[in-house]
Amino acid sequence: MPPQTHYAKSGEVNIAYQVVGDGPLDLVFVPGFISHLDLQWADPRIARFLEKLASFSRLIMFDKRGTGLSDPVAAPAPLEDRMDDVRAVMDAAGSERAALFGLSEGGAMSVLFAATYPERTRALLLCGAFPNGTLDNPGGQRWVDGVQSVRSATEHWGEGRTLAYMAPSADSERDRIGRGIFERSAASPQMARTLIDMVLETDVRELLPTLSVPTLVLHRAEEFVPVECARYMAERIPGARLVVLPGMDHIPFYGDGDGYAEEIEEFLTGARQAPISDRILTTVMFTDLVGSTERAAALGDARWRELLSRHDELMRAELERHRGREVKTMGDGFLATFDGPARGIRCARAVADQVRSLDMALRAGLHTGECELIGDDIGGMAVNIGARIGALAGADEVVVSSTVKDLVVGSGISFSDRGTSELKGVPGEWRLFAVDQVEAPLSNRLVPDTRERLSF
């Protein structure tokens, strides 16, 4: 659930804002192109990034006027008015002094704010930012081409096409649908196009040498905003620190979001938190399509992608039905976890049965053990064991460890003994079993009522 949304009055305009965390320093997130305070929490990648920031700060977020939950306006506001909006939000949130996180085109306004109000600016973070939008931008032709590509994408506003430039690592059909909803909710098509046009006229190059607050310039090496922009700003801001991270995603929530947030944390606090790690008992399931390489070559790319997409839909539907959690996809396979081994087996068997209608064969391996939770991923020996078991399964076969077999007694699932095997990188020998039949457990079957019924 998103945190509570409040409103700050900036002149006659209501600016929506949220506050998360109770850290010792205030951090104001100045959004880039578009934002939507509530919808951002629906994407676990964005939520994780924001929670990471809020773990060491009191994070203050807002939607700029004309976008998201703030009042609609006829046209984008000039930097001066947007600077007033930040002051209004800080005042309403009770923040006397804060670090400013200026993302993308929000960087220019953050530079102006820090130069104008150094007494209210603890530090400045310029992330994926640029000093000017004019043709003589430090990025040269790459900048011109990148902006034109985004401008073209706004001609199809609401279809999620900006994702291809803003976050190419997340540019999948499923994510484009979500991005399209976000676009339509965050700004109108006309506002989106006008915002891009305003970017092309913005120029804060003359202000850079006047900055007197600690500044971090953070950029990804291959994002659509050329890294030359970051280097230009870092060279001209007194004492600025430049960090160039690997990756292609302009939006920091995608790709290695944790690494991005850790750089910010270290700059503001002088230290990084140790990765959050928990250990839980869970059932791990690995699946894989047998002979996929040969099948893809025979069908051609387009037909194979269509079949693979159908396989993914079936898998995700069964994961939802059996209370499984998708950890990640691996080409034509899935890694998922379950809170019960019987549910994992039933899910694997159901998908294997259904993909046969697509003339495909699935194999799966399951093991129950203690796993280490590291963010959205999992690790540990139990994961390695599950992967090795899955690799030993044949086409249309679900193979489990003896641990799984012993835990599903009475579940209506029967097995055949596959004997013992050595699992690469795992000590000892492991007894494996193949799933034969999957029936409803007796405990779920109703006994017919055979009592004599008396009539009066």
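Up top you'll find the structure we're talking about.
A few points on the structure. Nothing here was measured: the structure is a model prediction, and the numbers come from that model.

## A few points about the pairing of strand S8 (residues 241–245)
- In this sheet, S8 lies alongside strand S7 (residues 215–220) in parallel orientation, the contact comprising 5 bridges. Residue Val 217 lies in a different strand from S8, and its bridge partner there is Leu 242.
- The parallel pair S7 and S8 is bridged by helix H8 (residues 227–236), and the resulting crossover is right-handed.

## So, the pattern of salt bridges
- Counted according to the given criterion, the structure contains 34 salt bridges.
- The salt bridge partner of Lys 52 is Glu 265, with a shortest N-O separation of 4.0 Å. Of the two residues, Lys 52 sits in helix H1 (residues 44–54) while Glu 265 sits in helix H9 (residues 257–269), which places them 213 residues apart along the sequence. For the pair Lys 52 and Glu 265, a shared accessibility class is recorded, and that class is buried.
- One network of salt bridges, with partners in common, ties together Arg 349, Asp 353, Arg 356 and Asp 396.

## Considerations on the sheet that holds strand S1 (residues 6–10)
- On the basis of which strands lie adjacent, the open sheet formed by 8 strands has the order S1-S2-S4-S3-S5-S6-S7-S8 and mixed pairing. Where the open sheet ends on each side, the last strands, each with one partner, are S1 and S8. With direction set aside, neighbouring strand axes in the sheet form an average angle of 25°.
- Packing against the sheet, helix H2 (residues 79–92) makes contact with S1, strand S2 (13–20), strand S3 (26–30), strand S4 (58–62) and strand S5 (98–103), and its axis sits at approximately 130° to S1.
- In the packing of H8 onto the sheet, contacts are made with strand S6 (121–127), S7 and S8, and the angle to S7 comes to roughly 165°.

## Considerations on the nonpolar core
- Among the nonpolar cores identified, the biggest contains 55 residues, and Leu 27, Phe 29, Phe 49, Leu 53, Phe 101, Ile 264 and Leu 268 are the most heavily contacted of them.
- Those residues in contact with Leu 53, other than ones at most four positions away along the chain, are Leu 27, Phe 29, Leu 59, Phe 101, Ala 261 and Ile 264.

## Some remarks on empty space enclosed by the protein
- With the rule as written, the count across this model stands at 4 cavities of 30 Å³ or more.
- What lines the largest cavity is a set of 13 residues, among which Ser 104, Phe 130, Ile 196, Val 199 and Phe 224 lie closest to the centre.
- At the level of secondary structure, the elements contributing two or more residues to the lining of the largest cavity comprise helix H4 (140–153) and helix H7 (189–199).
- A per-element tally of the lining of the largest cavity places H4 first, with 3 residues.
- Classifying every residue of the lining of the largest cavity gives 10 nonpolar, 2 polar and 1 charged.

Calculation criteria
Residues numbered from 1 in each chain as written. Predicted model: local features only at pLDDT ≥ 70, side-chain atom pairs only at ≥ 80, totals over all residues. Heavy atoms only, no water. Pairing = 2+ DSSP bridges. Helix = DSSP H or I, 4+ residues; strand = E, 2+ residues; numbered from the N terminus. Right-handed = clockwise from strand over helix to strand, strands pointing away. Salt bridge = Lys/Arg side-chain N within 4 Å of Asp/Glu carboxyl O. Buried < 20%, exposed > 50% of the residue type's maximum accessible area, 1.4 Å probe, protein only. Axes fitted to C-alpha atoms, helices over the stretch in contact; angles between N-to-C directions. Contact = heavy atoms within 4.5 Å. Core = buried A, V, L, I, M, F, W, Y, C linked by side-chain atoms within 4.5 Å. 1 Å grid on protein atoms, 1.4 Å probe; cavity = no way out; pocket = protein on both sides within 12 Å on 5 of 7 lines; lining within 4 Å. Points joined across faces, edges and corners; volume = space filled by probe spheres on them. Nonpolar A, V, L, I, M, F, W, Y, C, P; charged D, E, K, R; others polar.

By themselves these figures say nothing about function.
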